[in-house]
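Notes for the structure review
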Amino acid sequence: MSVEAFVTGVGARACSGLTALQVTMMTRARKSFPRASHLRDREGDSIGMCRLPSIGDQVHGFRRFVSLGAPALAQAAQPWMSARIARREPIDALPLVLALPKTTRPGYDPDLTTRLLDQLIERSGIELDRQRSLLVHRCRAGGVAAFATACELIERGADAVLVGGIDSHYDPEVLEWLDRELRLHGSSTENGFIPGEGAAFLMLTSRRGAASVPRFARIAGIGLAREPHPYGDAEPNRAEGMSAAIRAATTSAFGDVERPIEWALTDVTNERHRVQEWSMAASRRYRSFIPDLPHEQPLLELGDLGAASAAMLATIACVRWQTQCGRGDVAIVAAHSDDEERGALVLTQERAS
């Protein structure tokens, strides 16, 4: 889809920091903070993961999501709110499009569906438009779908929309399920990932809404596609879904104009099938990228962030550009769900005039 939405605020919270800047700089420095937990795997070893030490070990589900999300939401909204206050303009309730894990995932807390928006409002101090807000219950690529919905709201006339994701693997049922599926990285499971938790939010505005607020980046193109042979299928995965998502995102961003991607941030961890799928997709779409494309994998430091992955990767790109340590002017965020959904998001840097 063709879009024109500007990022004018970001907020994040993860194991390595309590603000978008902290998380981004610690990730850039490749600092990782996995911590042992009181939970045990099938062999009796303590399960380690990247989690916030400031949230209690006995806090799971709904309460943990609120603790992760509310501060990051407030961070993202602050620049837009401050600009409105400075101009003595009314502050309207903001729509929020929020990516969350699937309701069918083991350990899913039903309160996330019924109470989360109210608690985010109360804890963040940001008034949300409940009627236009939407919860996207999908896997990692659901974060890209959330961006698509947020941009549609802007196309339909909204001046500002919040988009983000919250997820946490720190739950006994979730970790038991991952352990049972042999997906937790450990001494006997090298082909696994380190579970993580975090939240990231971005304020998207129309060109009119961004007139008096510094702009981090522009959301230039979004692509969503289906992988016909995801991991576990009898047929081999040839990265058809991610290739199609990349093609759709770059086409919507630039049309037939040759403007190759200069930087890739993906949700690829050290699970072999995800490494191979991205590598194959990048090879199939090589004309979309510069030679020797810089490929960064922030989730190796942050732990797998599930539904929060796409928003976190986009936030990291925006902060890197703002602090003049990004790569090039065009970046792509790629997200691979455990099921067949694939998503790609093209961002372009907005330079200060």
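Refer to the structure printed above.
Reading the values: rules and limits
Residues numbered from 1 in each chain as written. Predicted model: local features only at pLDDT ≥ 70, side-chain atom pairs only at ≥ 80, totals over all residues. Heavy atoms only, no water. Helix = DSSP H or I, 4+ residues; strand = E, 2+ residues; numbered from the N terminus. Buried < 20%, exposed > 50% of the residue type's maximum accessible area, 1.4 Å probe, protein only. Axes fitted to C-alpha atoms, helices over the stretch in contact; angles between N-to-C directions. Parallel < 35°, antiparallel > 145°, perpendicular 65-115°, else oblique. Left-handed = near helix turned anticlockwise from the far one by under 90°. Contact = heavy atoms within 4.5 Å. Nonpolar A, V, L, I, M, F, W, Y, C, P; charged D, E, K, R; others polar. Core = buried A, V, L, I, M, F, W, Y, C linked by side-chain atoms within 4.5 Å. Expected span 1.5 Å × (residues − 1). Arc of directions from axis to C-beta. Salt bridge = Lys/Arg side-chain N within 4 Å of Asp/Glu carboxyl O. Pairing = 2+ DSSP bridges. Phe/Tyr/Trp six-rings, centres within 6.5 Å; stacked < 30°, edge-to-face > 60°.

In this section: unusual backbone geometry. A positive phi is found at D292, a non-glycine position, where the angle reads about 55°. Following the sequence through the fold, D292 ends up in the loop between α8 (272–284) and β10 (295–296). The exposure class of D292 is exposed, given its relative accessible area of 77%. The phi dihedral of Q324 falls on the positive side, at around 60°, and the residue is not glycine.

Okay, the packing of helix α2 (residues 61–86) against helix α4 (residues 116–124) next. Relative placement of two packed helices is described by the angle separating their axes and the distance separating the axes. Orientation of α2 relative to α4, taken along the N-to-C sense of each, is 50°, at an axis distance of 9 Å. When the axis of α2 is compared with that of α4, the two are oblique. The element α2 and its partner α4 pack so that their crossing is right-handed. Along its contact with α2, which presents F62, V66, S67, G69, A70, L73 and A74, the element α4 presents L116, Q119, L120, R123 and S124. When the residues that make up the contact of α2 with α4 are grouped by side-chain class, the tally is seven nonpolar, four polar and one charged.

In terms of nonpolar packing, the biggest core is built from 53 residues, with F147, L202, L204, I219, L302, M312 and L347 touching the most fellow members. If sequence neighbours within four positions are ignored, L347 has contacts with A217, R218, I219, A314, C318, W321, D329, V330, A331 and V333. V59, L100, L116 and L135 belong to the second largest nonpolar core, which has 33 residues in total.

Moving on to helix α10 (residues 309–322). In a regular helix each residue adds 1.5 Å, so 14 residues correspond to 20 Å; α10 covers 20 Å between its end C-alpha atoms and thus fits that length. With respect to burial, α10 is a largely interior element, 13 of its 14 residues being buried. Of the residues trailing α10, Q324 is marked for its positive phi of about 60°.

Taken residue by residue, helix α1 (residues 20–28) has A20, V23, T24 and T27 as its buried positions. One face of α1 carries all of its buried residues, which in axial projection span an arc of 95°. Remark: R30 follows α1 within two positions and exhibits a positive phi of approximately 60°.

So, about the side chain of S288. Tracing the backbone through its elements, the reader meets S288 in the loop between α8 and β10. Residue classification places S288 among the buried residues on the basis of a relative accessible area of 9%.

Let us now look at the environment of L94. By secondary structure assignment, the location of L94 is in the loop between α2 and β4 (96–100). Sequence separation between L94 and R132 is 38 residues; the distance between their C-alpha atoms is 8.3 Å. Not counting the four nearest positions on each side in its chain, L94 is found in contact with W80, I126, E127, L128, D129, S133, A160, L162 and M203.

Here the focus is the pattern of salt bridges. Scanning all chains against the criterion turns up 28 salt bridges. Close ionic contact of K102 with D339 constitutes a salt bridge, the shortest N to O distance being 2.6 Å. Remark: D339 occurs in the loop between β11 (330–336) and β12 (341–349) and K102 occurs in the loop between β4 and α3 (111–114); sequence separation between them is 237 residues. Judged by its relative accessible area of 31%, K102 is partly exposed. As a salt-bridge pair, E127 and R130 come within 3.6 Å of each other at their nearest N and O atoms. A residue is classified by how much of its surface remains accessible, and E127, at 43% relative accessible area, is partly exposed. Taking the relative accessible area as the measure of exposure, R130 reaches 43% and is therefore partly exposed.

So, about the pairing of strand β2 (residues 34–40). Where β2 and strand β3 (residues 46–50) come together, four bridges link them in antiparallel fashion. If you follow R40 over to β3, its bridge partner there is S46. Taking the residues between adjacent antiparallel strands as the criterion, β2 and β3 are bridged by five residues, where G44 takes a positive phi near 90°.

It is worth spelling out the packing of helix α5 (residues 142–155) against α10 at this point. α10 packs onto α5 with a crossing angle of 70° between their chain directions and a minimal axis gap of 6 Å. In terms of orientation, α5 and α10 fall into the roughly perpendicular class. Here α5 contributes G143, V144 and F147 to the contact with α10, which in turn contributes A310, A311 and A314. Looking at the contact of α5 with α10, its residues break down into five nonpolar, one polar and no charged.

The buried count for strand β7 (residues 197–205) comes to nine of nine residues, which makes it a mostly enclosed element. Alternating positions in β7 separate into two faces, E197, A199, F201, M203 and T205 on one and G198, A200, L202 and L204 on the other, with burial throughout.

Following the criterion strictly, the structure yields two aromatic pairs and no others. On the basis of an interplanar angle of 70° and a centroid distance of 5.8 Å, the ring pair of W263 and W321 is categorised as edge-to-face. Highlighted residues: W263 in strand β9 (residues 263–266) and W321 in helix α10, separated in sequence by 58 residues. With a centroid separation of 6.2 Å and 55° between ring planes, the pair formed by W278 and F289 is classed as tilted.

A few words now on the environment of I126. Residue placement: I126 occurs in the loop between α4 and β5 (134–137). On the basis of relative accessibility, which here comes to 6%, the residue I126 falls in the buried class. Considered as a pair, I126 and I316 are 190 residues apart in the sequence and their alpha carbons are 23 Å apart.

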